[in-house]
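# Observations on chain architecture
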Amino acid sequence: MIRIDHVTFSYGEENESAGGVQDINLNIEDGQFIVLCGESGCGKTTITRLINGLIPHYYEGKMNGEVWVNGAKISEQPLYDTAKTVGSVFQNPRSQFFNVDTTSEITFGCENLGQPKQGIRERLEKTVRNFRLEKLMGRNIFHLSGGEKQKIACAGVSIMEPDVLVMDEPSSNLDASSILDLRATLAFWKSQGKTIIVSEHRLYYLRGLADCFIYITAGQVEKDYSAAEFEQLTERQRADMGLRTFILEDLLPPETSPQTGKQMELHNFCFAYKNEPETLHISKDKIPANRIVGIIGNNGAGKSTFSRCFCGLEKRCGEVIWNGRTYRPKDRLNTCYMVMQEVNHQLFTETVLDEVRISMEDENQEWAEEILSSLDLGDIKDRHPMSLSGGQKQRVAIASAIASKRSILFFDEPTSGLDYKHMKEVANVLRQVRNTGITVYVITHDLELILECCTDIVHFENGSILDQFQMDASGLEKIWSFFLRGCL
Amino acid sequence: MRNKLQAKDLINLGLFTVLYFVIGCCVAIPIGFVPIFLPILGALWSLITGIPFMLFLTRVKKFGMVTIMGILSGLLMGLTGMGFWGVPMGAVFGLLGDLLLKSGGYKSAKRSLIGYAVFSLWMVGTYIPMYFMVEDSWASFAASFGEEYADKVMAVMPMWSIILVIVGIFVFAILGGLLGKALLKKHFSKAGIV
Amino acid sequence: MNGVSFSETTEKGKRILLDPRTKLFLLLTITTLMFSTSNEGIMNIVKPCLSLVPFVLILSERRFRAAGKYLLLYAVCFVLERIALTVLSGLLSFLVLAVTSIMTRFAPGIMTGAWLISSTSVSEFIGAAERMHVTEKIVIPMSVIFRFFPTISEEYQAIQDAMKMRGIRFGGKNPLLMMEYRLVPLMVSVVKIGDELSAAALTRGLGAPVRRTNVCQIGFRFQDVFATIFCILCFILFLFQKQIIF
């Protein structure tokens with residue numbers, strides 16, 4: 001049983017409320033499945049850290065109150081002891097593994113605790129069977145997909161057989177089918193009677209599993225819903241609370257009218273990475289232009305290879321014919337721009353304004369400021385780009401693309417890990433960009449974003465375009481069937 | 001806070017050692033193929049690695065971290081086939097660097113520059129086999145061409161030139177440290193990393 | 001970095017299977033003796049023998065092309081060095097000698113190092129270090145280092161891509177800026193990943209004051225004994241070369 005008793009915590013020395021919590025009181029019974037929900041920065045991650053002991057042992061700050069897990073005071077118990085009862089899975093699959101190969105990663109926790117070898121081997125066998133990991137054993141983790149990495153992370157926690165599992169936005173970087181795998185893992189733990197605490201933006205995959213939803217705003221518990229009560233809320237009410245959709249079927253269809261528009265022709269988009277089989281094979285096809293086009297498909301379907309080739313990052317791949325002009329890879333490097341999922345990589349200078357200015361052919365202060373204010377960045381033009389929030393960074397990257405007069409923008413998972421409000425913001429920015437005449441392609445696993453702003457869909461599978469359609473009534477059917485396949 | 005190194009510190013240590021080593025190699029590998037540049041390699045290395053090292057120092061608050069970094073760098077050099085002289089040298093100069101930094105309470109800007117420069121001298125360890133080699137080729141030269149000629153050739157890389165190598169590393173390390181500090185101020189403190 | 005990274009698996013290693021400690025001893029022997037001063041008498045036999053070791057090792061991994069390349073490079077340099085010493089004279093002799101002597105001395109060590117790294121998985125390496133009673137203060141940072149080599153190359157690749165998309169003119173004039181634009185985002189993201197990694201590792205019990213276990217199977221076998229005897233023999237010949245008379 002977990003007891004959080006009048007806990008107040010703030011990060012760092014300042015008394016800022018950012019991410020901290022005030023006067024939290026929670027009692028979580030054994031075997032319960034709790035979901036912590038609320039907007040970004042509301043403090044739900046902080047609560048997970050209070051339970052797994054990272055606060056106060058890793059993240060420093062001011063703390064009052066006490067947390068008990070199974071009768072032990074977390075603040076007085078070293079992390080390696082807490083690790084025996086509380087297992088944690090985090091948001092970013094890339095940064096939570098310590099080893100290079102999957103087998104050692106799974107056994108890592110047990111090895112740290114100095115458990116006997118034979119016992120670890122037996123546990124490993126059992127875990128591999130339970131999680132159906134036979135195919136992933138002995139592999140290099142760097143070559144796995146995000147979903148597979150997350151599965152290994154879950155297995156690595158499960159092998160330690162903790163009573164409590166704490167997950168911090170585990171679905172943020174996953175595609176639709178990996179989210180279903182994650183759901184299966186959670187169901188397995190629930191069946192074993194584990195206590196589960198998940199902090200999450202995406203809620204739909206937790207439906208039918210969670211016993212209780214705790215809604216948090218500004219660092220305080222606003223309301224405690226039972227699963228039945230939460231189900232009773234309308235999508236509207238949840239949206240007003242800043243929460244993502246819970247019942248996918250209830251999502252409202254977009255209010256877009258079908259358009260007939262221009263198209264781009266693709267020729268010879270075939271590509272293989274060095275020493276690997278061909279991952280992309282489109283000899284000739286057309287895709288919509290001048291609109292917001294959602295690119296969907298499961299991991300390994302060739303979406304990201306396609307976008308890399310399209311943006312000209314791979315030197316020898318394909319030609320695009322658009323408006324009667326042929327664009328070779330080198331030409332596309334100057335006409336396209338990709339806003340990466342890790343935006344940090346594409347911001348280089350020391351102020352936001354500089355970032356835009358150096359992208360221009362001829363530096364033009366006025367125009368730069370104009371672009372910035374149109375993207376709501378006017379007030380922060382002198383800040384360092386790395387100090388901004390994720391959404392702001394994204395907009396800075398967009399601003400630099402506009403400044404260098406790109407006419408095609410690619411977005412790679414722009415809404416991963418975003419709450420409802422920020423997802424809406426991204427959708428608005430995409431529409432705004434499209435209205436200036438720029439073609440927008442969005443690689444996404446986010447059904448809500450698609451319904452919010454995409455007018456066309458291109459569906460990839462096995463390295464080629466399986467289907468493409470507009471978001472009209474029949475298109476809607478298809479998108480439902482892609483996202484809801486096998487779901488719930 | 002206890003003064004013993006904890007898991008968190010050890011991870012930081014690994015993280016910055018790998019940054020230090022990889023960034024150094026980015027300079028060393030292309031240049032290392034031209035033998036004439038070998039004597040200035042250490043100097044260039046310590047110039048560029050001033051950047052990660054200064055960032056590292058913002059996280060060093062405990063004695064021993066610089067020493068271990070020296071040993072680890074030496075080990076990495078050894079693993080890449082450059083001989084294991086870097087290990088003892090790394091331990092010695094890392095320890096000296098640590099002592100200097102500690103005397104400044106791990107805060108003093110001046111001490112951190114000098115501490116880094118002293119630490120950088122572990123690079124001399126990678127030169128030791130090269131000087132063995134010079135002596136070696138002198139012997140072979142002397143055997144085939146006579147001592148007079150061999151001496152002339154050796155004038156290009158005489159034993160005392162190791163002093164120049166040492167001075168070069170030290171001076172460039174100071175410059176590298178300044179460069180690192182400048183970048184810290186320009187980027188990392190504004191970005192909220194420090 | 002040349003894409004050198006530790007081997008991925010513990011399981012599929014059905015190749016030569018030397019214990020990591022033996023591998024380290026081989027590397028130590030080769031680098032020490034190849035750099036040593038003496039180049040006469042018995043050492044004229046020992047050194048070429050040692051140079052053949054990485055060839056055999058790479059061959060045992062069935063990487064025929066790499067082994068062939070190494071042998072060719074080494075042979076060419078070896079012959080050129082002899083030519084420079086006997087036939088050529090003057091500045092030309094010096095230049096050729098400078099290049100070839102560095103190659104013949106460094107190449108075997110570098111190749112053995114590369115082989116060691118590519119044929120050993122990180123956990124085998126760590127297991128070996130723990131068996132040798134190396135302190136945790138070295139072992140933990142060492143495993144972080146090996147885990148971050150591929151991370152750094154991934155991150156660097158992404159930054160290169162981002163720079164490519166920004167256009168060639170971007171910072172192209174000023175080498176210092178070019179370096180800054182690459183290093184700063186690289187360091188920022190690596191440090192960020194490192195902080196998250198620390199948190200994740202701590203919640204899985206890293207740093208517990210017990211002796212870590214290691215499930216991977218290492219141990220000395222026949223071929224280890226053979227390799228060790230070979231190394232010791234080379235050292236003996238080196239140390240007592242003056243006493244050994246043909």
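Residues numbered from 1 in each chain as written. Chains lettered and ligands numbered in written order. Predicted model: local features only at pLDDT ≥ 70, side-chain atom pairs only at ≥ 80, totals over all residues.

### Section: the overall build of chain A
- When helices and strands are counted, chain A shows 17 helices and 20 strands.
- Sorting the 488 residues of chain A into buried and exposed places 52% on the buried side. (Helix = DSSP H or I, 4+ residues; strand = E, 2+ residues; numbered from the N terminus. Buried ≥ 20, exposed ≤ 12 C-beta atoms within 10 Å, placed from the backbone.)

### Considerations on the domain arrangement of chain A
Residues and elements named next belong to chain A.
- Each assigned domain of chain A is listed here: domain 1 (2-249) and domain 2 (263-484).
- The interface is formed by 18 residues belonging to domain 1 together with 15 residues belonging to domain 2.
- Residue composition of the side of domain 1 that touches domain 2, by class: four nonpolar, ten polar and four charged. (Domains from an automatic or database assignment. Contact = placed C-beta atoms within 7 Å. Nonpolar A, V, L, I, M, F, W, Y, C, P; charged D, E, K, R; others polar.)

### Some words on the domain arrangement of chain C
- With domains assigned, chain C is organised as domain 1 (20-121 + 219-239) and domain 2 (134-202).
- Centre-to-centre, using C-alpha coordinates, domain 1 of chain C lies 33 Å away from domain 2 of chain C.

### Some points on the pairing of strand β19 (residues 456-461) of chain A
Residues and elements named next belong to chain A.
- Taken together, the four bridges between strand β13 (residues 292-296) and β19 define a ladder with parallel strand orientation. The residue bridging Ile296 from the neighbouring strand is His459, located in β19.
- In this structure, β19 lies alongside strand β20 (residues 464-470), joined through six bridges in antiparallel fashion. For Ile457, the partnering residue across the bridge sits in β20 and is Phe469.
- Counting the residues in the hairpin turn of β19 and β20 gives two residues, including Asn462, whose phi is positive at 50°. (Pairing = 2+ DSSP bridges.)

### Digging into the packing of helix α5 (residues 86-103) of chain B against helix α6 (residues 109-120) of chain B
All names here are of chain B.
- Their axes nearest at 8 Å, the elements α5 and α6 cross at an angle of 175°. As far as their axial angle goes, α6 and α5 are roughly antiparallel. Between α5, through Phe93, Gly94, Leu96, Gly97, Leu100, Leu101 and Ser103, and α6, the contact on the second element is made entirely by Arg111, Ser112, Ile114, Gly115, Tyr116, Val118 and Phe119.
- Of the residues contributing to the contact of α5 with α6, the split by class is eight nonpolar, five polar and one charged. (Axes fitted to C-alpha atoms, helices over the stretch in contact; angles between N-to-C directions. Parallel < 35°, antiparallel > 145°, perpendicular 65-115°, else oblique.)

### A look at the interface of chain B and chain A
- Across the contact, six residues belong to chain B and five residues belong to chain A.
- The dominant element in the side of chain B that touches chain A, judged by the number of residues it contributes, is helix α9 (residues 161-191) of chain B, at four residues.
- Classifying every residue of the side of chain B that touches chain A by side-chain character gives one nonpolar, two polar and three charged.

### Let's talk about unusual backbone geometry
- Here Ile55 of chain A and Pro56 of chain A are connected by a cis peptide whose omega angle stands at 5°.
- The topology assignment puts Pro56 of chain A in helix α2 (residues 54-57).
- Positive phi values are uncommon outside glycine, yet Arg132 of chain A reaches one of about 50°.
- Residue position: Arg132 of chain A is located in the loop between α5 (117-131) and α6 (146-158).
- Note on Arg132 of chain A: 12 C-beta atoms within 10 Å, which makes it exposed.
- If you check the backbone angles, Arg62 of chain C has positive phi at about 65° while not being a glycine.
- The topology assignment puts Arg62 of chain C in the loop between α2 (43-60) and α3 (64-86).

### Concerning the sheet that holds β13 of chain A
Residue and element names in this part refer to chain A.
- Taken together, six strands build an open sheet; the order of strands is β16-β17-β18-β13-β19-β20 and the sheet is mixed. For this open sheet the edge positions go to β16 (336-339) and β20, each flanked by a neighbour on one side alone. Strand-to-strand twist of the sheet, defined as the mean angle between neighbouring strand axes without regard to direction, takes the value 20°.

### Brief notes about helix α1 (residues 20-35) of chain C
All names here are of chain C.
- Along its 16 residues, α1 runs 22 Å from first to last C-alpha, staying within 8% of the 22 Å computed at 1.5 Å per residue.
- Across the 16 residues of α1, twelve count as buried, placing the element largely inside the fold.
- When we look at burial in α1, the residues that qualify are Pro20, Thr22, Lys23, Leu24, Leu26, Leu27, Thr29, Ile30, Thr31, Leu33, Met34 and Phe35. (Expected span 1.5 Å × (residues − 1).)

### A word on the interface of chain A and chain C
- Residue-level contacts link 53 residues of chain A with 44 residues of chain C.
- Listing elements by their share of the side of chain A that touches chain C, those giving two or more residues are α3 (79-85), α4 (102-112), α5, α11 (329-335) and β16 of chain A.
- Looking at which element gives the most residues to the side of chain A that touches chain C, the answer is α4 of chain A, with seven residues.
- Partitioned by chemical class, the residues of the side of chain A that touches chain C number 24 nonpolar, 22 polar and seven charged.

### Comments concerning the sheet that holds strand β3 (residues 33-37) of chain A
Residues and elements named next belong to chain A.
- Strand order in the open sheet made by the six strands is β6-β7-β8-β3-β9-β10, with mixed pairing throughout. Lying at the two open borders of the sheet, with one neighbouring strand each, are β6 (86-89) and β10 (220-226). Neighbouring strand axes in the sheet, compared pairwise and without regard to direction, differ in orientation by 20° on average.
- Note that β3 and strand β8 (residues 195-199) share four bridges and pair parallel. From the neighbouring strand, Phe33 faces β8, where its bridge partner is Ile196.

### Here we look at the packing of helix α3 (residues 50-57) of chain B against α9 of chain B
All names here are of chain B.
- Viewed as axis vectors pointing N to C, α3 and α9 meet at an angle of 65°, and their least axial separation amounts to 7 Å. With respect to the hand of their crossing, α3 and α9 are arranged in right-handed fashion. Listed contacts from α9 to Gly50, Ile51, Phe53, Met54 and Leu55 of α3 are Ala173, Gly176, Gly177, Leu179, Gly180, Lys181, Leu183, Leu184 and Phe188.
- Looking at the contact of α3 with α9 residue by residue, the classes come out as nine nonpolar, four polar and one charged. (Left-handed = near helix turned anticlockwise from the far one by under 90°.)

### Things to note about the nonpolar core
- Counting residues in hydrophobic clusters, the biggest one holds 270 residues, and the most contacted among them are Ile51, Leu409 and Val440 of chain A.
- The residues contacting Leu409 of chain A, other than those within four sequence positions of it, are Tyr337, Val339, Ala401, Val433, Ile438 and Val440 of chain A. (Core = buried A, V, L, I, M, F, W, Y, C linked by C-beta atoms within 7 Å.)

### Looking at α5 of chain A
All names here are of chain A.
- Compared with an ideal rise of 1.5 Å per residue, which puts 15 residues at 21 Å, α5 spans 21 Å between its outermost C-alpha atoms and is within 8% of the ideal.
- Buried residues of α5: Ile120, Thr127 and Phe131, and no others. Seen along its axis, α5 keeps its buried residues to an arc of 30°; they face one direction. Residues of α5 that are exposed and point more than 90 degrees away from the buried face comprise Gln118, Glu122, Glu125 and Arg129.
- Lining the buried residues of α5 we find α4 and α6. (Arc of directions from axis to C-beta.)

### Some thoughts on the pairing of β8 of chain A
Residues and elements named next belong to chain A.
- β8 sits mainly inside the fold: five of its five residues count as buried.
- Of the two faces of β8, the one carrying Thr195, Ile197 and Ser199 and the one carrying Ile196 and Val198 are both buried.
- Where strand β7 (residues 164-168) and β8 come together, five bridges link them in parallel fashion. The partner of Asp168 across the bridge, within β8, is Ser199.
- In this fold, β7 hands off to helix α7 (residues 176-191), which returns the chain to β8; that crossover is right-handed. (Right-handed = clockwise from strand over helix to strand, strands pointing away.)

### So, the confidence of the model for chain C
All names here are of chain C.
- When pLDDT is averaged along chain C, the result is 82; 86% of the residues meet or exceed 70.
- Note that pLDDT drops below 50 for residues 8-15; the model gives that stretch 22 contacts with residues more than four away or on any other chain.
- Interface confidence for the predicted complex, given as ipTM, is 0.89, next to a pTM of 0.89. (pLDDT = per-residue confidence, 0-100.)

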